[in-house]
Amino acid sequence: MKALKGSRSAKVFAGIALLSASAIVVAGCTSTPSEDSDGGGEQPAADLTLKLGSLLPQTGSLAFLGPPMESGSGLAVQEINEADAGITIDLTAEDEGDTDTKAYETSITKLQGAGVSAIVGAAASGVSKLILDGNVSSGILQISASNTSPDFTDWDDDGLYFRTAPSDLLQGEVLGNLIAEDGAKTLGIIYQNDAYGTGLNAAITETFEGTGGEVVESVSFNVGDAQFDAQVESIKAQNPDAVAIVSFDQFLTIGPLLVNAGISADKFYMVDGNLSDYGDEIPVSLEGAQGTKAGPALEDDFTERLQTYWTGEGNPEVNDFTYAAEAYDAVVLVALASLAAGSTEGAAIAEKMQEVSGGSGDGEKCTSFAECAEIINGGGTADYDGYSGDVTFDENGDPQGATIGIYKYTAENVIERTN
């Protein structure tokens, strides 16, 4: 894995080692390929049709993550099908909503009824916790591009759950260290009371207090709440040096309340669930606020390809690309695992997921579906490194390496990567 050079110190969880980094790296039916051979180790491509579902937030408190994640997964499907390398994906996309709207209840029934072998999603850890057992019982592989709850590491999932996003333990550690390095001695935290919020609250608290700082107030709210005056008043009463806000789109209300209470935005520390380009959508200045989210700086023409795909489907431009790379890589890895298995059965695909991500340690490096598919169809073992990083699943389906970027808001209320 690569680390961009810079000044921030952070821990690496692909070891565990310490380093200084500018981006913190821590580390159906079944079809069988023809058995004909040309005698040189080559084997003809399989002829597979994989029914894939996506369960991503078109509505609800995470709806701002829908466009980047749907564009990432959709672009991957398009490019895999265009590669004509032995597998075709039939994608069915449904709305996740959130744990308040419960749109996922209808959507998951539709996906399971459509006979999907794998599902990309859900975006929210809380939603994934509610659907995972049902998917496991149905033999459906589930891979999330943004689930960060530590609970999934030890989930009894029969090896059918994977994620391309790192655990909250990592993001919480990076954010807690950032707050301490910026000189804060006291911290207030406002967090949502669900799997995502409680996990990050615990990780931030443990890290910050481990540096000698003190969390002087930690207050929660429920997903679906619309009033946050009590939480803001509790934070204001303690007058902390910094405030961490762990939320989804509730930040659109919480942020202005904090500023109007006299807490300047340059004391804010945000997370992937609310770090977005707000522009004039929010009525206060966020200049100086900072936050973290997973993913390296995107290279080559990936963002252009995302925009071309998304707008070509009749959608407005993508405002940011949070978890777009993770969603793209999730689809590519499932397709490669299916190709390597010569099967579209969820369990068979799952057995090859660690291998095609490089977890077996003996694969040939490749950085696109087409390149990796050529290796697999030639009888070799592919080791896919994608736009979200090296990925490399461990035995729990967690990525062994990940990059956490640090961002700061400009005067225009948009984020710029600083590390």
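Structural data are supplied above this passage.
The structure reproduced in this document is the subject of the present report.

Definitions and limits used
- Residues numbered from 1 in each chain as written.
- Predicted model: local features only at pLDDT ≥ 70, side-chain atom pairs only at ≥ 80, totals over all residues.
- Heavy atoms only, no water.
- 1 Å grid on protein atoms, 1.4 Å probe; cavity = no way out; pocket = protein on both sides within 12 Å on 5 of 7 lines; lining within 4 Å.
- Points joined across faces, edges and corners; volume = space filled by probe spheres on them.
- Nonpolar A, V, L, I, M, F, W, Y, C, P; charged D, E, K, R; others polar.
- Core = buried A, V, L, I, M, F, W, Y, C linked by side-chain atoms within 4.5 Å.
- Buried < 20%, exposed > 50% of the residue type's maximum accessible area, 1.4 Å probe, protein only.
- Helix = DSSP H or I, 4+ residues; strand = E, 2+ residues; numbered from the N terminus.
- Contact = heavy atoms within 4.5 Å.
- Phe/Tyr/Trp six-rings, centres within 6.5 Å; stacked < 30°, edge-to-face > 60°.
- Lys NZ or Arg CZ within 6 Å of the ring centre and 35° of its normal.
- Disulfide = S-S within 2.5 Å.
- Pairing = 2+ DSSP bridges.
- Axes fitted to C-alpha atoms, helices over the stretch in contact; angles between N-to-C directions.
- Salt bridge = Lys/Arg side-chain N within 4 Å of Asp/Glu carboxyl O.

Turning our eyes to something else, we now look at empty space enclosed by the protein. Take a probe with the size of a water molecule and roll it over the atoms, and the empty space left behind shows itself. A volume near 70 Å³ is recorded for the largest cavity. Every residue along the wall of the largest cavity is listed here: L62, L65, A123, A124, S125, S146, T148, Y196, F248, D272, G273 and Y323. Taken together, the residues that form the lining of the largest cavity break down as seven nonpolar, four polar and one charged. In this model, the second largest cavity occupies a volume close to 40 Å³. For the second largest cavity, the full set of lining residues is S61, D98, T99, A124, V127, D194, V223 and F248. Here the lining of the second largest cavity is composed, by residue class, of four nonpolar, two polar and two charged.

Turning next to the nonpolar core. By size, the foremost hydrophobic cluster in this structure holds 52 residues, and its most contacted members are L141, I143, M353 and F369. Considering each element in turn, this core owes the most residues, 12 residues, to helix 9 (residues 324–341). Those residues in contact with I143 that lie beyond four places of it in its chain are I119, V120, G121, F162, R163, T164, A330, V334, M353 and F393. In this structure, L56, Y104, I140 and L175 belong to the second largest nonpolar core, which totals 44 residues.

Right, let's talk about the packing of aromatic side chains for a bit. One pass over the full model with this rule turns up 11 aromatic pairs. On the numbers, 5.0 Å between centres and 35° between planes, the contact of Y196 with F248 is tilted. One end of the pair, Y196, is in helix 5 (residues 195–210); the other, F248, is in the loop between strand 11 (242–246) and helix 7 (251–260), and 52 residues separate them in sequence. Residue Y196 is classed as buried on the basis of its relative accessible area of 4%. Centroid distance Y278 to Y409: 6.3 Å. Interplanar angle 20°. Geometry classified as stacked. Placement of Y278 in the loop between strand 12 (268–270) and strand 13 (290–294) and of Y409 in strand 16 (residues 403–409) is noted, with a sequence separation of 131 residues between them. Under the relative-accessibility criterion, Y409 is labelled buried at 2%. Feature note: the residues F251, F268, Y278 and Y409 constitute an aromatic cluster, connected by ring pairs. When the ring centre of Y407 is taken as origin, the NZ or CZ atom of K293, which lies over that ring, is 5.0 Å away.

The term disulfide refers to a covalent linkage connecting the sulfur atoms of a pair of cysteines. Applying the stated criterion across every chain, the model contains one disulfide. The residue that forms a disulfide with C366 is C372, at a sulfur-sulfur distance of 2.0 Å. Between C366 and C372, the S-S dihedral sits near 105°, and the bridge is therefore right-handed. Summarising the burial analysis for this pair, C366 and C372 share the class buried.

Attention now goes to the sheet that holds strand 6 (residues 118–121). Spatially, the five strands line up as an open sheet ordered 5-4-6-7-8, and their pairing is parallel. With partners counted over all chains shown, the strands left at the sheet margins are strand 5 (87–95) and strand 8 (161–163), one partner each. Mean inter-strand twist for the sheet, computed between neighbouring axes without regard to direction, equals 25°. Relative to strand 6, strand 4 (residues 48–56) is paired through four bridges, and the arrangement is parallel. Its bridge partner lying in strand 6, S54 is registered against V120. On top of the sheet, helix 9 reaches strand 4, strand 5, strand 6 and strand 7 (141–144); it is set at about 140° to strand 5, its chief contact.

Summed over the entire model, instances satisfying the criterion amount to seven salt bridges. Between D398 and R163 there is a salt bridge, with the nearest N and O atoms lying 2.7 Å from each other. Of the two residues, D398 is situated in the loop between strand 15 (382–384) and strand 16 and R163 in strand 8; the sequence distance between them amounts to 235 residues. Pair check on accessibility: D398 and R163 agree, each one buried. A salt bridge links K352 to E355, with the nearest nitrogen and oxygen atoms 3.3 Å apart. In this pair, K352 and E355 are both assigned in helix 10 (residues 346–356), three residues apart and thus about one turn of the helix distant. Accessibility expressed as a relative area gives 22% for E355, which makes it partly exposed.

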